[in-house]
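Structural characterization, general
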Amino acid sequence: MPTGEGRDHRRVRMVQGGPLLIEGPVELQTPEGNVVRCDRFLVAVCTCRRSKCFPLCDTSHRKRVRTQGNG
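So, a few notes on the structure that sits alongside this text. (Residues numbered from 1 in each chain as written. Predicted model: local features only at pLDDT ≥ 70, side-chain atom pairs only at ≥ 80, totals over all residues. Heavy atoms only, no water.)

With respect to the overall build of the protein chain
Put simply, the test is: Secondary structure elements follow DSSP: runs of H or I no shorter than four residues count as helices, runs of E no shorter than two count as strands, and numbering proceeds from the N terminus. The classification of residues rests on relative accessible area computed with a 1.4 Å probe and restricted to protein chains. Under 20% of the type maximum is buried, over 50% is exposed, and intermediate values are partly exposed. Residue contacts are defined here by distance: any two heavy atoms, one from each residue, within 4.5 Å place the two residues in contact. In short, Shrake-Rupley with a 1.4 Å probe defines the accessible areas, and a residue's cover is counted only from the protein chains shown.
In terms of regular secondary structure, the protein chain is built from zero helices and five strands. Going residue by residue from the N terminus, the α and β elements of the protein chain occur as β-β-β-β-β. Expressed as a percentage of its 71 residues, the buried residues of the protein chain come to 24%. Sequence separation of at least 24 residues holds for 18% of the intrachain contacts in the protein chain that already meet a minimum separation of 6. Summed over its atoms, the accessible surface of the protein chain is roughly 6,500 Å², and 47% of this surface lies on carbon and sulfur atoms.

Given below as structure tokens:
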């Protein structure tokens, strides 16, 4: 990965039990070699691998609790 003067640093925040939050825009390369480009100002990168849109997070890491409805 190239480094040098003039390149801005990206801030990455690690969320316990959740995704990596990266200030965008970013270009991600998956282990399979696929490239995903995201122009959002903040990008959530999946760390649990449960996401249906991996490598981007879809909040699948959250525990889903079913409640019984009335009726």
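We are not done yet, so read on.
Points about unusual backbone geometry
Here the amide bond leading from G24 into P25 is cis, since omega sits at 0°, within 30 degrees of zero. Turning to its location among the elements, P25 is positioned in the loop between β2 (20-23) and β3 (26-29). F54 connects to P55 through a cis peptide bond whose omega is 15°. Among the secondary structure elements, P55 is positioned in the segment after β5 (42-45). Positive phi outside glycine occurs at R49, with the angle close to 65°. Counting through the fold element by element, R49 comes out in the segment after β5.

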